[in-house]
Amino acid sequence: MAMAPTVKVVLGSIAFAIFWVLAVFPAVPFLPIGRTAGSLLGALLMVLFQVITPDQAYAAIDLPILGLLFGTMVVSVYLEQADMFKYLGQLLSWKSMGAKDLLCRICLISAVSSALFTNDTSCVVLTEFVLKIARQQNLPPHPFLLALASSANIGSSATPIGNPQNLVIAVQSRITFGTFLFGIFPAMLVGVCVNALILLCMFWKVLSVQKDEEDASEEVVGQDDMNSHRFSPATLSHITSLGSQDLNSTLDSANVESTLRNRAYMLETNSIHSSPSLGNGQIEGGDQNVECESSRKSDALQEVGSSGEAFAKEVDHSGFVAFVEESLGFSKKCKRLLWKTCVYLVTLGMLISLLAGSNMSWAAIAAALALVVLDFKDAKPCLEKVSYSLLIFFCGMFITVDGFNRTGIPSWLWELMEPYSKIDRVSGIAVLAAVIIVLSNLASNVPTGMSDSSSLLCLSLQSAMQGFSFNEFS
């Protein structure tokens, strides 16, 4: 591609430089507006400087990439609600054999989860579990956090949905999901193993020192967790209410009944013993007193009996309520289990369709909408968790990078580097890897994957056919 006029080159370079500064340093003091606003500013400057026309700016936005990003983010939200990442976190500590075993597990699990559910989601969710396990086992967290971050980036390179730059490369080069996966997977596996070995060598002493304290702290935490799950306030609410109020009223009623019976027995005994020495009038008076006392006793007993029946009905009612609640809880558990199974099956179906060569963006959107329908609720809370700022960032970046490509600078740089970066030679692979490493760290990995798309497209196709991808180094 020939170089554009000097004015367009200068203005396009200024717009791209502003975008680059705000993308790499989002909190820069003189303009702390962040990456998303920075990408929109760069896109606007490209149009205002007439580097590209408004129609070219709209055409530069790659809708298949945005659709694939949106679909995978929605699926990740529902997977998180279905406790997928909770199970992955539990897998980290399941039958753990020490700190070194935990570090290797984090490397493996974070790599696999990042390849399937994007590296951002895996890092955000698994960080909580890694910190919790390190705190429980009295271990320093920084070796495990480094293992999580590095392995997530390495593992995400295995699939097009692992990270945004993979999406750009796979969609623009039209590499299928299966070709991308089988081409990158061996390199990803080697990278995860090498990364784990390097981390073990770096932190061997730190992980060995904490080995003696691990068992004791683990037992204490396990006991606390067991007690907290065993004595749940929701489980003991009915028993507590019965014991504090209804049980006291029952005991009071029993005491009243026993007192009345004792009084009646004493009155009858006294009347029998005093009857020979009493006159007819006194006997009649005594009989009247006894009859009054007996009627009083019978009334009290009837009152006690009615309160006892009311209490029995209340106990029966509370038992019925508990039974209904237990039945409803069981049905909710079954419904929850069925819903989680459907989420996993839909996600598995999406992965199978991707491997079968289906359109990646529409497969992800179809899976997302299937989960929305299966949830059978208002999807607003789930859709609010989608990172729309990332989607807007991509829109601005598409326009900015396309405008910078139209200046001719990326093509000119590629023509200078191309003779020394042939991938059929070891030296060419080394030069290409070095250039991409530098560009990915200076200009960010996504713009590096997008710049001069026509040349990088050919390079991606050649790399995929030979089972090599430069994205492993980005």
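The structure we're discussing is the one just above.
Reading the values: the criteria
- Residues numbered from 1 in each chain as written.
- Predicted model: local features only at pLDDT ≥ 70, side-chain atom pairs only at ≥ 80, totals over all residues.
- Heavy atoms only, no water.
- Helix = DSSP H or I, 4+ residues; strand = E, 2+ residues; numbered from the N terminus.
- Buried < 20%, exposed > 50% of the residue type's maximum accessible area, 1.4 Å probe, protein only.
- Contact = heavy atoms within 4.5 Å.
- Salt bridge = Lys/Arg side-chain N within 4 Å of Asp/Glu carboxyl O.
- Phe/Tyr/Trp six-rings, centres within 6.5 Å; stacked < 30°, edge-to-face > 60°.
- Core = buried A, V, L, I, M, F, W, Y, C linked by side-chain atoms within 4.5 Å.
- Disulfide = S-S within 2.5 Å.
- Patch = residues over 30% accessible without salt bridge, like charges linked within 9 Å, V, L, I, M, F, W, Y side chains within 5 Å.
- Areas by Shrake-Rupley, 256 points an atom, 1.4 Å probe, with all protein chains shown as cover.
- Axes fitted to C-alpha atoms, helices over the stretch in contact; angles between N-to-C directions.
- Parallel < 35°, antiparallel > 145°, perpendicular 65-115°, else oblique.
- Left-handed = near helix turned anticlockwise from the far one by under 90°.
- Nonpolar A, V, L, I, M, F, W, Y, C, P; charged D, E, K, R; others polar.

Colleague: Residue-level account of the overall build of the protein, with values.
Modeller: Scanning the protein from terminus to terminus reveals 21 helices and zero strands. For the protein, the proportion of its 474 residues judged to be buried stands at 38%. Sequence-distant contacts in the protein: of pairs separated by 6 or more residues, those separated by 24 or more amount to 76%.

Colleague: I'd like a rundown of the environment of Ser93, residues and numbers included.
Modeller: Here Ser93 shows up in helix H5 (residues 84-93). Separated by 13 residues in the primary sequence, Ser93 and Ile106 have C-alpha atoms spaced 9.7 Å apart.

Colleague: I'd like a rundown of the pattern of salt bridges, residues and numbers included.
Modeller: Under the counting rule described, the total for this entry stands at four salt bridges. Its salt-bridge partner being Arg336, residue Asp83 comes within 3.4 Å of it at the nearest N-O pair. Of this pair, Asp83 sits in the loop between helix H4 (63-81) and H5 while Arg336 sits in helix H14 (residues 280-355); the two residues are 253 residues apart in sequence, bridging distant segments of the chain. Assessed through its relative accessible area of 36%, Arg336 is described here as partly exposed. With its nearest N and O atoms 3.0 Å apart, the salt bridge here joins Arg105 to Asp101. Here Arg105 pairs with Asp101, and both are found in helix H6 (residues 99-117), just four residues apart, close to one helical turn. Classification of Arg105 by relative accessible area gives buried; the value is 17%. One salt-bridge network, held together by shared partners, links Asp83, Arg336 and Lys340.

Colleague: Pulling in residues and values, what's your account of the packing of aromatic side chains?
Modeller: Inspection of the entire model under this criterion finds eight aromatic pairs. Ring centres of Phe85 and Phe117 lie 5.5 Å apart, and the angle between their planes is 75°; this geometry places the pair in the edge-to-face category. Residue Phe85 is found in helix H5, and its partner Phe117 is found in helix H6; the two are separated by 32 residues along the sequence. Residue Phe85 is classed as buried on the basis of its relative accessible area of 1%.

Colleague: Give me the lowdown on unusual backbone geometry, citing residues and values where you can.
Modeller: Even without being a glycine, Gln50 presents a positive backbone phi close to 60°. Structurally, Gln50 can be placed in the loop between helix H2 (34-48) and helix H3 (54-60). Note on Gln50: relative accessible area 63%, which makes it exposed. Of note in the backbone geometry, Phe376 takes a positive phi value of approximately 55° without being a glycine. The topology assignment puts Phe376 in the loop between helix H15 (360-375) and helix H16 (380-383).

Colleague: Can you break down the nonpolar core residue by residue, with the values?
Modeller: Side chains that are nonpolar tend, in soluble globular proteins, to be buried together. Judged by nonpolar contacts, the single largest core of 90 residues is most densely connected at Ile65, Tyr78, Leu103, Ile106, Phe144 and Phe394. The leading source of residues in this core is H4, at ten residues. Excluding residues within four positions of it along the chain, Leu103 makes contact with Pro143, Phe144, Ala147, Ala196, Leu199, Leu200 and Leu207. Residues Trp414, Met417, Ile423 and Ile436 belong to the second largest nonpolar core, which totals five residues.

Colleague: So what about the state of the cysteines? Which residues, and what values?
Modeller: Taken as a whole, this structure holds zero disulfides when the rule is applied. Not part of a disulfide, Cys193 finds its nearest cysteine sulfur in Cys104, a span of 9.1 Å. For Cys193, a relative accessible area of 43% translates into the label partly exposed.

Colleague: Any details on helix H9 (residues 164-173)? Residues and values, ideally.
Modeller: Of all ten residues making up H9, nine are buried, and the element is well covered by its neighbours. Those residues of H9 not exposed but buried are Pro164, Gln165, Asn166, Leu167, Val168, Ile169, Ala170, Val171 and Ser173. Positive backbone phi, at 60°, marks Arg174, one or two positions downstream of H9.

Colleague: Run through the side chain of Thr347, naming residues and quoting values.
Modeller: Here Thr347 shows up in helix H14. Among residues more than four places away in sequence, those in contact with Thr347 are Val75, Leu79 and Phe117.

Colleague: Can you explain a nonpolar patch on the surface? Please cite residues and give values.
Modeller: Judged by side-chain polarity, Met3, Trp412, Leu413 and Leu416 come together as a nonpolar surface patch covering roughly 420 Å² of accessible area. On the accessibility criterion, Trp412 (45% relative accessible area) is partly exposed.

Colleague: Tell me about the packing of H6 against helix H7 (residues 119-136), and please be specific about residues and values.
Modeller: For the pair H6 and H7, interaxial distance at closest approach is 8 Å and the crossing angle is 155°. Here H6 lies roughly antiparallel to H7, going by the angle between them. Crossing of H6 over H7 shows right-handed handedness. The segment H6 lies against H7, with Leu102, Ile106, Ser110, Ser113, Ser114 and Phe117 engaging Asn119, Thr121, Ser122, Leu126, Val130 and Ile133. Split by residue class, the contact of H6 with H7 holds six nonpolar, six polar and no charged.

Colleague: Outline the side chain of Thr159, supporting the account with residue identities and numerical values.
Modeller: For Thr159, the location among the structural elements is in the loop between helix H8 (142-155) and H9. Taking relative accessible area as the criterion, Thr159 reaches 3% and is therefore assigned buried.

Colleague: Go over the environment of Phe177 with me, naming the residues and quoting the values.
Modeller: Its location among the elements puts Phe177 in helix H10 (residues 177-202). Counting along the chain gives 175 residues from Phe177 to Ile352, while the straight-line C-alpha distance between them is 9.9 Å. Those residues in contact with Phe177, other than ones at most four positions away along the chain, are Thr159, Pro160, Ile161, Leu354, Leu355 and Met360.

Colleague: Any details on the packing of H7 against H8? Residues and values, ideally.
Modeller: At a closest axis distance of 10 Å, the pairing of H7 and H8 adopts a crossing angle of 160°. Judged on the interaxial angle alone, H8 and H7 are roughly antiparallel. Seen from above, H7 lies across H8 with right-handed handedness. For the pair H7 and H8, the contacting residues are Asn119, Cys123, Leu126, Thr127, Val130, Leu131 and Ala134 in the first and Phe144, Leu145, Leu148, Ala152 and Asn153 in the second. Of the residues belonging to the contact of H7 with H8, the class tally is nine nonpolar, three polar and no charged.

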